[in-house]
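# Observations on the three-dimensional arrangement
So you can see what is in the structure, the chains are spelled out below.
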Amino acid sequence: MSVPPISASTSKPACTIGIVGLGLIGGCLAIDLKQLGYPVYGVARRTATVSAAIEQGVVTRAGCDLTLMAEADVVFVCTPMATIVPTVQKLAKCLPESTIVTDVGSVKGEIVAAATALWPNFVGGHPMAGKAEAGLVAAEAGLFQQRPYVITPLETTRSAAVDRVFEIATQLGAKVYKATPTAHDQAVAAISHLPVMVSSSLLHTCLGESDSRVKILAQQLASSGFCDTSRVGGGNPELGTMMAQYNRLALLQALQQYRYQLDTMIDLIETEQWDALSQRLSFAQQERPKYL
């Protein structure tokens, strides 16, 4: 079921929004915030993206030069994780001190610390929404409605900046949470980054079948259960690699815990402890709704 577009506000918000990176998330932010009445200025690396954003009415103004962000009151950095901190470093040379800078990266620890050192008015953020498709062409209204949006301030983060980002995220229709960068990274390692690695491993397990006839048959028989459990493993490999690189320690801890759980399952099956296995499966069934 499609999500209805966000209604524009009756009075024009006072602040101007800047978005660096007009991909899927940046494009969705631009669409929603412009519908809410914010002037939205966008910066993209490619002139074709800039032209498309203007032609489609996604932004108020756009260009390829970061100096355009000097006119914004709040800047969202929507670049890949590897370029968030370098982008903040470049922005620091052209922004007024009052400008609030936030990001949308899925890892917060190192990024928030480094970005705050460069720009004290930085607020870490992570809208937990997405699609299989990428790029501005996939952007749509309402992507963030009823989705978690985590804000990760440090003890030194300016409260006025946190409040402004919280307000904007709330206007997007998101469920807004506050957490420390460390707690955020540990949580998403378990419920977001670990599933990518597990899902990819599931696909590799199937691809490792030595009997080509069995492998082809498995491909022909794969249905909804396999589609559900393999979906994130078939996602953007660059993003998956950056998850592992930037959230390495938390992800390793989650993988080690998952390996322990697999070893426990193997032991129950090898020793034919069917009652214990049934209890384990029942407990998982009972607890799953808490994560949905």
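First things first, this report covers the structure right here in the doc. Sequence order as written defines the numbering, with residues in each chain counted from 1. Residue-level local features of this predicted model are given only where pLDDT is at least 70; pairs of side-chain atoms are given and counted only at 80 or more, and the full residue set underlies all totals for whole chains, interfaces and linings. In computing side-chain values, all of the structure's heavy atoms are included and hydrogens and water are not.

## Quick notes on unusual backbone geometry
For clarity, the threshold we go by: A run of H or I in DSSP counts as a helix once it spans at least four residues, and a run of E counts as a strand once it spans at least two, with each numbered from the N terminus. Relative accessibility thresholds used throughout: buried, under 20% of the residue-type maximum; exposed, over 50%; partly exposed, between the two (1.4 Å probe, protein chains only).
Positioned with a positive phi, Gln 146 is a non-glycine residue whose angle comes to about 60°. As for its position among the elements, Gln 146 is in the loop between β6 (122–127) and β7 (148–152). Accessibility expressed as a relative area gives 53% for Gln 146, which makes it exposed. Phi at Glu 272 takes a positive value of approximately 55°, unusual for a residue other than glycine. Its place among the elements puts Glu 272 in the loop between α10 (248–270) and α11 (274–287). Among the residues examined, Glu 272 registers a relative accessible area of 57% and is labelled exposed.

## Concerning the packing of helix α3 (residues 84–91) against helix α4 (residues 109–118)
Worth spelling out the cut-off: Interaxial angles span 0 to 180 degrees and are taken between N-to-C directions of axes, which are lines fitted to C-alpha atoms, for helices over the stretch in contact. Any angle from 65 to 115 degrees is called roughly perpendicular, while one under 35 is roughly parallel, one over 145 is roughly antiparallel, and all others are oblique. By the convention used here, residues are in contact when the closest approach between their heavy atoms is within 4.5 Å. By the convention adopted, Pro, Cys, Tyr, Trp, Phe, Met, Ile, Leu, Val and Ala count as nonpolar, Lys, Arg, Asp and Glu as charged, and the other residues, Gly among them, as polar.
As a packed pair, α3 and α4 sit with axes 9 Å apart at the nearest point and diverge in direction by 10°. Considering the angle they form, α3 stands roughly parallel to α4. Note on element contacts: α4 touches α3 through Ile 111, Ala 114, Ala 115 and Leu 118, opposite Ile 84, Val 85, Val 88 and Gln 89. Of the residues contributing to the contact of α3 with α4, the split by class is seven nonpolar, one polar and no charged.

## Digging into the environment of Ala 92
Turning to its location among the elements, Ala 92 is positioned in the loop between α3 and β5 (100–103). Taking the C-alpha atoms as reference, Ala 92 lies 32 Å from Glu 133; in sequence the two are 41 residues apart. Apart from residues no more than four positions distant in its own chain, Ala 92 is found in contact with Leu 118 and Trp 119.

## Regarding the packing of aromatic side chains
The cut-off we apply is this: Side-chain rings of Phe, Tyr and Trp, where Trp is taken by its six-membered ring, are said to pair if the distance between their centres is within 6.5 Å; with planes under 30 degrees apart they count as stacked, over 60 as edge-to-face, and otherwise as tilted. Ring-over charges, as used throughout, are those where CZ of Arg or NZ of Lys falls within 6 Å of the ring centre and within 35 degrees of the ring normal.
Inspection of every chain in the model, using the stated rule, returns zero aromatic pairs. Over the face of the ring belonging to Tyr 41 we find Arg 61, whose NZ or CZ atom lies 5.1 Å from the ring centre.

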